[in-house]
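For reference, the chains in residue letters:
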Amino acid sequence: MKNTIRVQRAIKDITQADLAAQVNVSRQTINTIEGNIYVPSTVLALKIARVFGLPVEELFILEERD
Amino acid sequence: MRQPRLFPHWARYLGYFCILVHIPIMWLRHMDAFGHSSATAPDDHSLFNRDHLFFIVTFLLMVVGLILVAFSKEKIEDEQISRLRLDSLQWAIYLNYLILIITLIATDKVNNHFILAIDTWIPLVFFIVRFRWVIFRLNQPLKTDNPS
(Lines give C-alpha, C1' and ligand atoms only; values in the text may rest on other atoms or scores of the structure.)
Protein backbone atom coordinates (compact mmCIF):
# COMPACT_ATOMS: atom_id res chain seq x y z
CA MET A 1 0.00 0.00 0.00
CA LYS A 2 1.41 3.37 -0.97
CA ASN A 3 0.44 6.73 0.42
CA THR A 4 0.52 10.43 -0.41
CA ILE A 5 1.26 11.73 3.07
CA ARG A 6 4.56 13.35 2.09
CA VAL A 7 2.84 15.27 -0.73
CA GLN A 8 -0.08 16.29 1.47
CA ARG A 9 2.32 17.47 4.16
CA ALA A 10 4.11 19.61 1.62
CA ILE A 11 0.80 21.11 0.46
CA LYS A 12 -0.27 21.82 4.03
CA ASP A 13 3.30 22.84 4.96
CA ILE A 14 3.61 20.77 8.11
CA THR A 15 6.59 18.74 9.31
CA GLN A 16 6.65 15.07 10.28
CA ALA A 17 6.96 16.16 13.89
CA ASP A 18 3.85 18.38 13.61
CA LEU A 19 1.82 15.57 12.08
CA ALA A 20 3.12 13.09 14.65
CA ALA A 21 2.08 15.40 17.49
CA GLN A 22 -1.40 15.85 16.03
CA VAL A 23 -2.08 12.12 15.81
CA ASN A 24 -0.21 11.16 19.02
CA VAL A 25 2.49 8.97 17.53
CA SER A 26 6.27 9.31 17.24
CA ARG A 27 7.98 11.01 14.32
CA GLN A 28 9.63 7.67 13.61
CA THR A 29 6.17 6.16 12.96
CA ILE A 30 5.23 8.91 10.47
CA ASN A 31 8.60 8.46 8.75
CA THR A 32 8.14 4.69 8.36
CA ILE A 33 4.57 5.16 7.09
CA GLU A 34 5.78 7.64 4.47
CA GLY A 35 8.53 5.24 3.48
CA ASN A 36 5.98 2.41 3.08
CA ILE A 37 7.81 0.42 5.77
CA TYR A 38 4.92 0.42 8.20
CA VAL A 39 1.22 0.12 7.38
CA PRO A 40 -0.86 2.03 9.94
CA SER A 41 -3.96 0.70 11.65
CA THR A 42 -7.40 1.85 10.51
CA VAL A 43 -7.63 4.15 13.52
CA LEU A 44 -4.32 5.86 12.76
CA ALA A 45 -5.12 6.10 9.03
CA LEU A 46 -8.43 7.81 9.87
CA LYS A 47 -6.69 10.20 12.28
CA ILE A 48 -4.11 11.16 9.64
CA ALA A 49 -6.85 11.63 7.03
CA ARG A 50 -8.71 13.90 9.44
CA VAL A 51 -5.64 16.12 9.87
CA PHE A 52 -5.52 16.68 6.11
CA GLY A 53 -9.31 16.87 5.75
CA LEU A 54 -9.26 14.16 3.10
CA PRO A 55 -10.93 10.76 2.69
CA VAL A 56 -8.64 7.85 3.61
CA GLU A 57 -8.67 6.57 0.01
CA GLU A 58 -6.94 9.73 -1.15
CA LEU A 59 -4.10 9.23 1.31
CA PHE A 60 -3.68 5.47 1.15
CA ILE A 61 -3.82 3.64 -2.14
CA LEU A 62 -3.87 -0.13 -2.54
CA GLU A 63 -1.35 -1.65 -4.92
CA GLU A 64 -1.66 -4.72 -7.16
CA ARG A 65 0.18 -6.99 -4.72
CA ASP A 66 -2.07 -6.03 -1.74
CA MET B 1 -7.17 1.20 20.99
CA ARG B 2 -6.47 -1.00 24.01
CA GLN B 3 -3.14 -0.15 25.58
CA PRO B 4 -0.76 -3.01 26.39
CA ARG B 5 -0.05 -3.57 30.07
CA LEU B 6 3.43 -2.14 30.52
CA PHE B 7 5.52 -0.64 33.28
CA PRO B 8 6.07 3.14 33.29
CA HIS B 9 9.04 4.48 31.34
CA TRP B 10 11.16 5.12 34.47
CA ALA B 11 10.96 1.42 35.38
CA ARG B 12 13.43 0.70 32.58
CA TYR B 13 16.17 2.55 34.45
CA LEU B 14 15.31 0.64 37.62
CA GLY B 15 15.69 -2.53 35.56
CA TYR B 16 19.15 -1.49 34.33
CA PHE B 17 20.07 -0.75 37.94
CA CYS B 18 18.98 -4.25 39.07
CA ILE B 19 21.04 -5.83 36.27
CA LEU B 20 24.09 -3.69 37.08
CA VAL B 21 23.84 -4.57 40.78
CA HIS B 22 23.51 -8.25 39.93
CA ILE B 23 26.73 -8.42 37.88
CA PRO B 24 29.30 -7.47 40.61
CA ILE B 25 27.47 -9.65 43.17
CA MET B 26 27.75 -12.66 40.88
CA TRP B 27 31.37 -11.79 40.09
CA LEU B 28 32.31 -11.53 43.76
CA ARG B 29 30.49 -14.78 44.44
CA HIS B 30 32.34 -16.43 41.60
CA MET B 31 35.68 -15.21 42.96
CA ASP B 32 34.73 -16.34 46.45
CA ALA B 33 33.80 -19.79 45.16
CA PHE B 34 37.47 -20.48 44.32
CA GLY B 35 38.31 -20.29 48.02
CA HIS B 36 35.23 -22.02 49.38
CA SER B 37 33.33 -24.72 47.53
CA SER B 38 30.08 -23.67 49.18
CA ALA B 39 28.86 -21.04 51.59
CA THR B 40 26.55 -23.59 53.16
CA ALA B 41 27.69 -26.18 55.66
CA PRO B 42 27.88 -29.62 54.00
CA ASP B 43 25.28 -31.07 56.37
CA ASP B 44 22.77 -28.25 55.76
CA HIS B 45 20.12 -29.80 53.49
CA SER B 46 17.28 -27.43 54.37
CA LEU B 47 15.42 -25.79 51.50
CA PHE B 48 16.33 -22.24 52.50
CA ASN B 49 20.02 -22.77 53.15
CA ARG B 50 22.49 -19.95 52.48
CA ASP B 51 23.33 -21.06 48.94
CA HIS B 52 19.70 -21.37 47.94
CA LEU B 53 18.74 -18.00 49.43
CA PHE B 54 21.66 -16.38 47.59
CA PHE B 55 20.49 -18.04 44.38
CA ILE B 56 16.91 -16.81 44.89
CA VAL B 57 17.98 -13.21 45.57
CA THR B 58 20.40 -12.95 42.62
CA PHE B 59 18.02 -14.79 40.29
CA LEU B 60 15.15 -12.46 41.21
CA LEU B 61 17.37 -9.40 40.85
CA MET B 62 18.34 -10.38 37.32
CA VAL B 63 14.90 -11.54 36.22
CA VAL B 64 13.11 -8.49 37.63
CA GLY B 65 15.75 -6.26 36.00
CA LEU B 66 15.32 -7.91 32.60
CA ILE B 67 11.51 -7.82 32.82
CA LEU B 68 11.51 -4.13 33.73
CA VAL B 69 13.88 -3.30 30.87
CA ALA B 70 11.90 -5.41 28.41
CA PHE B 71 8.38 -4.33 29.33
CA SER B 72 8.63 -0.65 30.18
CA LYS B 73 6.87 1.94 28.05
CA GLU B 74 8.82 3.91 25.49
CA LYS B 75 8.70 7.71 25.72
CA ILE B 76 6.08 7.66 22.96
CA GLU B 77 4.31 4.33 23.07
CA ASP B 78 2.41 4.10 19.80
CA GLU B 79 1.05 1.30 17.64
CA GLN B 80 4.29 0.79 15.72
CA ILE B 81 6.18 0.23 18.97
CA SER B 82 3.51 -2.30 20.03
CA ARG B 83 3.97 -4.10 16.73
CA LEU B 84 7.78 -4.16 17.10
CA ARG B 85 7.39 -5.43 20.65
CA LEU B 86 5.17 -8.28 19.48
CA ASP B 87 7.50 -9.18 16.59
CA SER B 88 10.54 -9.23 18.88
CA LEU B 89 8.70 -11.37 21.42
CA GLN B 90 7.80 -13.87 18.71
CA TRP B 91 11.43 -14.11 17.56
CA ALA B 92 12.59 -14.53 21.15
CA ILE B 93 10.20 -17.45 21.70
CA TYR B 94 11.30 -19.09 18.43
CA LEU B 95 14.96 -18.79 19.41
CA ASN B 96 14.33 -20.03 22.93
CA TYR B 97 12.63 -23.21 21.77
CA LEU B 98 15.15 -23.77 18.99
CA ILE B 99 18.01 -23.69 21.50
CA LEU B 100 16.03 -25.82 23.94
CA ILE B 101 15.33 -28.46 21.29
CA ILE B 102 18.97 -28.48 20.12
CA THR B 103 20.11 -28.84 23.75
CA LEU B 104 17.74 -31.76 24.36
CA ILE B 105 18.83 -33.52 21.17
CA ALA B 106 22.57 -32.86 21.43
CA THR B 107 23.07 -33.72 25.10
CA ASP B 108 22.27 -36.93 26.93
CA LYS B 109 22.34 -35.62 30.51
CA VAL B 110 20.52 -32.29 30.70
CA ASN B 111 21.40 -30.17 33.69
CA ASN B 112 18.28 -28.62 35.25
CA HIS B 113 20.17 -25.44 36.08
CA PHE B 114 21.23 -25.10 32.46
CA ILE B 115 17.64 -25.48 31.25
CA LEU B 116 16.49 -22.94 33.83
CA ALA B 117 19.19 -20.52 32.69
CA ILE B 118 18.26 -20.95 29.02
CA ASP B 119 14.56 -20.46 29.66
CA THR B 120 15.19 -17.41 31.83
CA TRP B 121 17.84 -15.40 30.03
CA ILE B 122 17.53 -16.15 26.35
CA PRO B 123 13.97 -14.96 25.62
CA LEU B 124 14.32 -11.76 27.61
CA VAL B 125 17.86 -10.89 26.53
CA PHE B 126 17.18 -11.65 22.87
CA PHE B 127 13.89 -9.73 23.05
CA ILE B 128 15.60 -6.64 24.51
CA VAL B 129 18.49 -6.74 22.02
CA ARG B 130 16.25 -7.28 19.01
CA PHE B 131 13.65 -4.68 20.07
CA ARG B 132 16.25 -2.00 20.79
CA TRP B 133 18.16 -2.81 17.60
CA VAL B 134 15.05 -2.38 15.40
CA ILE B 135 14.19 0.92 17.10
CA PHE B 136 17.78 2.09 16.64
CA ARG B 137 17.67 1.18 12.93
CA LEU B 138 14.35 2.96 12.42
CA ASN B 139 15.71 6.06 14.17
CA GLN B 140 18.80 6.30 11.95
CA PRO B 141 17.09 8.04 8.98
CA LEU B 142 15.58 10.60 11.40
CA LYS B 143 19.04 11.57 12.64
CA THR B 144 20.33 12.23 9.12
CA ASP B 145 17.12 13.82 7.73
CA ASN B 146 15.95 17.32 8.42
CA PRO B 147 12.74 17.54 10.51
CA SER B 148 10.54 17.84 7.42
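This is a predicted model, so every value here is computed, not measured.

*Asks:* Got a minute to help me understand the environment of methionine 26 of chain B in this structure?
*Replies:* All names here are of chain B. With respect to the helices and strands, methionine 26 occurs in helix α1 (residues 11-35). C-beta crowding within 10 Å serves as the criterion here: with 14 such atoms nearby, methionine 26 is assigned to the partly exposed category. As for methionine 26 and phenylalanine 55, which are separated by 29 residues in sequence, their C-alpha atoms are 9.7 Å apart.

*Asks:* Can you help me understand the confidence of the model for chain B in this one?
*Replies:* As a note on interpretation, predicted positions should not be read in detail where pLDDT is low. Residue and element names in this part refer to chain B. For chain B, the average pLDDT comes to 84, and 86% of its residues sit at 70 or higher. The element-level mean pLDDT for chain B is lowest in α1, coming to 83, with helix α3 (residues 79-106) highest at 92. The complex model carries a pTM of 0.82, and its ipTM stands at 0.86.

*Asks:* Would you mind showing me how to read the packing of helix α2 (residues 16-23) of chain A against helix α3 (residues 27-34) of chain A here?
*Replies:* To characterise two packed helices, one gives the angle between the axes of the helices and the distance between these axes. All names here are of chain A. α3 packs onto α2 with a crossing angle of 110° between their chain directions and a minimal axis gap of 8 Å. As judged from the angle between their axes, α2 and α3 are roughly perpendicular. Judged by the sense of rotation from one axis to the other, the crossing of α2 with α3 is right-handed. In this structure, α2 uses Gln16, Ala17, Leu19 and Ala20 to contact α3, whose residues at the interface are Arg27, Thr29, Ile30 and Asn31. Counted by class, the contact of α2 with α3 contains four nonpolar, three polar and one charged residues.

Parameters and conventions
- Residues numbered from 1 in each chain as written.
- Chains lettered and ligands numbered in written order.
- Predicted model: local features only at pLDDT ≥ 70, side-chain atom pairs only at ≥ 80, totals over all residues.
- Helix = DSSP H or I, 4+ residues; strand = E, 2+ residues; numbered from the N terminus.
- Buried ≥ 20, exposed ≤ 12 C-beta atoms within 10 Å, placed from the backbone.
- pLDDT = per-residue confidence, 0-100.
- Axes fitted to C-alpha atoms, helices over the stretch in contact; angles between N-to-C directions.
- Parallel < 35°, antiparallel > 145°, perpendicular 65-115°, else oblique.
- Left-handed = near helix turned anticlockwise from the far one by under 90°.
- Contact = placed C-beta atoms within 7 Å.
- Nonpolar A, V, L, I, M, F, W, Y, C, P; charged D, E, K, R; others polar.

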